[in-house]
Amino acid sequence: MLNIEYKEDLNEEFYKTIDNEFNKFATQNGVICNYEPFAFIAKEDDKFIGIITGNSYYKEVHISDLIIIKEYRNKHIGSKLVKTVENYYKDKGFENINLTTYEFQAPEFYKKCGFEIEFVRKNKKNPKLNKYFLVKYIKN
């Protein structure tokens, strides 16, 4: 009998299986996956002040999270973290960096960083939850 359960935390074995199956399926279809998570941490002295995380796969880089501690915002730390991701992946064969953000978060920030809006999914009840899909093409 099939049993489906909710799991908050997966152990390393599950992640290895996911990665393995993902790569096998890509290979069967003639595609190289290149899946790699990343995280770059900003510190002032030894104090954590920000982080950018994401994954690279196929020919693209996806930014998942960009967080700057409140008292360190508007000091160009976020744009430096984005630039760090760009520089890290610049000559590694990736074609673009993409991300999503909401209206209340940072679409204008990402546009200043050179990202283009590909699509906006409108939220009919709350425009602050309009979801922006952005991309920046990597110049190799």
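Residues numbered from 1 in each chain as written. Predicted model: local features only at pLDDT ≥ 70, side-chain atom pairs only at ≥ 80, totals over all residues. Heavy atoms only, no water.

**Student:** Hey, could you run me through the packing of aromatic side chains in this one?
**Tutor:** Two measures describe an aromatic ring pair: the distance that separates the ring centres and the angle between the ring planes. Following the criterion strictly, the structure yields 12 aromatic pairs and no others. Where tyrosine 89 meets phenylalanine 94, the ring centres are 5.2 Å apart and the plane angle is 85°; that geometry is what we call edge-to-face. For tyrosine 89, a relative accessible area of 1% corresponds to the buried category. Here phenylalanine 94 falls in the buried class, since its relative accessible area comes to 6%. (Phe/Tyr/Trp six-rings, centres within 6.5 Å; stacked < 30°, edge-to-face > 60°. Buried < 20%, exposed > 50% of the residue type's maximum accessible area, 1.4 Å probe, protein only.)

**Student:** I tried to follow the sheet that holds strand E5 (residues 116-121) on my own but got confused; where do I start?
**Tutor:** The strands making up a sheet associate through hydrogen bonds between their backbones, and the pairing can be parallel or antiparallel. Taken in spatial order, the six strands of this open sheet run E1-E2-E3-E4-E6-E5, and their pairing is mixed. Looking along the sheet, the strands with just one partner apiece sit at the ends: strand E1 (36-44) and E5. Between one strand and the next, the sheet's axes are offset by a mean angle of 25°, whatever the strand orientation. Both strand E4 (residues 96-102) and strand E6 (residues 131-137) contribute to a ladder of seven bridges, which runs antiparallel. The partner of tyrosine 102 across the bridge, within E6, is lysine 131. Where helix H2 (residues 77-89) meets the sheet, its contacts fall on E1, strand E2 (47-57), strand E3 (60-68), E4 and E6, and the angle it forms with E1 comes to roughly 140°. (Pairing = 2+ DSSP bridges. Helix = DSSP H or I, 4+ residues; strand = E, 2+ residues; numbered from the N terminus. Axes fitted to C-alpha atoms, helices over the stretch in contact; angles between N-to-C directions. Contact = heavy atoms within 4.5 Å.)

Keep in mind these values describe shape, not function.
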